[in-house]
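One-letter residues, chain by chain:
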Amino acid sequence: MANAQTQTLTLASQHECFGGTVGIYSHISEQCQCPMKFAVYLPPQAKTEPVPVLYFLSGLTCTEQNFITKAGAQRYAAHYGLMLVAPDTSPRGDDVPDEEGWDFGSGAGFYVDATADPWAKNYRMYSYVTEELPALIRANFPATDRQGIFGHSMGGHGALVCGLRNPDKYQSISAFAPIAAPSQCAWGQKALGKYLGADRSTWSAYDASELVKQYAQPNSPILIDQGLADTFLEQQQLKPDVFKGACTQVGQPLTLRMQTDYDHGYYFIATFMEDHIEHHAKVLCS
């Protein structure tokens, strides 16, 4: 891979926000072999010193725009002095393979490194999120080595997977309505089956309910919020109970909050965003 310092970032837009700035950037990704975009919120503290970084992974059909415009996270990030980074959810472009339908292909990279054709060349979102993007952030922004990760739905799945597999890189983890046991739900079976192939033994590397049995972090509590009016919960796509059971089995501290009357969208996310930022700040800003 090219050195992150040699990669050119293009600033598409920038806006003042709670004393800091929101910027939308693009670059040519070595991992995904196409242009990629990401959003960065630099809190006011970043003007004078390096700050910890909190990554947010978005859900199916989303881009780098959804979280940064809808979640209301900047206010709390400014208070604690956290940089927010939100990448796109998949590779995109005329030369990138896609499939009709909203839950696979463009907008639905599922945060895996695909091994099956034709997806293997471009769909390397796991390595993009855990390796390439952090290197870019360190090379181009005032970041400390303290990192946390959280996400929503498909991105909640990604946050749990990336965080559990890389405890040396991420000191804090949380999620909103994550796809917590993808090997056991239709969304996950479709994505993992197509990106990784029919051998289900390879799927466990991207299944949080399996990973926690191997990578439990007894000193690092995980926070999950789940709306009880979430239609995808009713459809058995999310399965927080399976993840909770796996955490209990291995002693992984988990706070799973089932929120009455809340659904799957950004009104739900915005309502509990302050709690999640505080969860990460307690670790990253200590």
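Residues numbered from 1 in each chain as written. Predicted model: local features only at pLDDT ≥ 70, side-chain atom pairs only at ≥ 80, totals over all residues. Heavy atoms only, no water.

J.: Help me out: how do you make sense of the pairing of strand β1 (residues 10-17) in this one?
T.: Side chains on a regular strand alternate between the two faces of the sheet. Sheet topology places β1 next to strand β2 (residues 20-29); 7 bridges connect them, and they run antiparallel. The partner of E16 across the bridge, within β2, is T21. Here β1 folds back onto β2 in antiparallel fashion, the turn holding 2 residues, of which F18 has a positive phi close to 50°. (Pairing = 2+ DSSP bridges. Helix = DSSP H or I, 4+ residues; strand = E, 2+ residues; numbered from the N terminus.)

J.: What's the story with the sheet that holds strand β4 (residues 51-57) in this structure? I'm lost.
T.: Backbone-to-backbone hydrogen bonds pair the strands of a sheet. The strands run either parallel or antiparallel. Taken in spatial order, the 9 strands make up an open sheet running β1-β2-β3-β5-β4-β6-β7-β8-β9, and their pairing is mixed. In this open sheet, the two edge strands, each paired with only one partner strand, are β1 and β9 (254-259). Neighbour-to-neighbour, the strand axes of this sheet turn through a mean angle of 20°, independent of strand direction. Of the strand pairs in this sheet, β4 and strand β6 (residues 143-152) are connected by 6 bridges, and their pairing is parallel. Across the sheet, residue L57 finds its bridge partner in β6, namely G151. Here helix α3 (residues 125-140) sits on the sheet in contact with β2, β3 (34-42), β4, β5 (83-87) and β6, set at roughly 55° to β3. Where helix α8 (residues 240-250) meets the sheet, its contacts fall on β8 (222-227) and β9, and the angle it forms with β9 comes to roughly 155°. (Axes fitted to C-alpha atoms, helices over the stretch in contact; angles between N-to-C directions. Contact = heavy atoms within 4.5 Å.)

J.: Please explain the packing of α3 against helix α4 (residues 154-165) as it appears in this structure.
T.: The description of two helices packed together rests on the angle between their axes and the distance between the axes. Here α3 crosses α4 at 55°, and the two axes come no closer than 11 Å. In this view, α3 runs oblique relative to α4, as classed from their interaxial angle. Seen from above, α3 lies across α4 with right-handed handedness. Across the interface between the two elements, Y126, V129 and T130 of α3 pack against V161, C162 and R165 of α4. Class assignment of the residues belonging to the contact of α3 with α4 gives a composition of 4 nonpolar, 1 polar and 1 charged. (Parallel < 35°, antiparallel > 145°, perpendicular 65-115°, else oblique. Left-handed = near helix turned anticlockwise from the far one by under 90°. Nonpolar A, V, L, I, M, F, W, Y, C, P; charged D, E, K, R; others polar.)

J.: Just checking my understanding: could you explain the packing of aromatic side chains for this structure?
T.: Describing an aromatic ring pair means giving the distance of the ring centres and the angle of the ring planes. On inspection of all chains with the given rule, the structure shows 19 aromatic pairs. The interplanar angle of 15° and the centroid separation of 4.0 Å between the aromatic rings of F56 and F67 together place this pair among those described as stacked. Of the two residues, F56 is situated in strand β4 and F67 in helix α1 (residues 65-70); the sequence distance between them amounts to 11 residues. Residue F67 is classed as buried on the basis of its relative accessible area, which comes to 1%. With centroids separated by 5.8 Å and ring planes inclined at 90°, the aromatic side chains of W102 and W187 adopt a geometry described as edge-to-face. Of this pair, W102 sits in the loop between β5 and α3 while W187 is found in helix α5 (residues 186-196), placing the two residues 85 residues apart along the sequence. What makes W187 buried here is its relative accessible area of 6%. The lysine or arginine in question, R165, covers the ring of Y206, its NZ or CZ lying 5.0 Å from the ring centre. It is K194 that lies over the ring of F104; its NZ or CZ is 5.6 Å from the centre. (Phe/Tyr/Trp six-rings, centres within 6.5 Å; stacked < 30°, edge-to-face > 60°. Buried < 20%, exposed > 50% of the residue type's maximum accessible area, 1.4 Å probe, protein only. Lys NZ or Arg CZ within 6 Å of the ring centre and 35° of its normal.)

J.: In this structure, what is going on with the packing of helix α6 (residues 208-215) against α8? I would like to understand it.
T.: Their axes nearest at 9 Å, the elements α6 and α8 cross at an angle of 10°. If you check the angle between α6 and α8, you find them roughly parallel. Contacts between α6 and α8 pair A208, S209, V212 and K213 from the former with V242, F243, A246, C247, Q249 and V250 from the latter.

J.: Would you mind showing me how to read the side chain of E64 here?
T.: By the secondary structure assignment, E64 is in the loop between β4 and α1. Among buried Asp, Glu, Lys and Arg side chains, E64 stands out as unpaired, with K37 the closest opposite charge at 4.7 Å. Among the polar contacts listed, one links the side chain of E64 to the side chain of Q65, at a separation of 3.5 Å. Excluding its chain neighbours within four sequence positions, the residues that come into contact with E64 are I24, K37, F38, A39, A86, P87 and D88. (Lys, Arg positive; Asp, Glu negative; His and termini not counted. Salt bridge = Lys/Arg side-chain N within 4 Å of Asp/Glu carboxyl O. Polar contact = N/O pair within 3.5 Å; in protein donor to acceptor, adjacent residues only side chain to side chain.)

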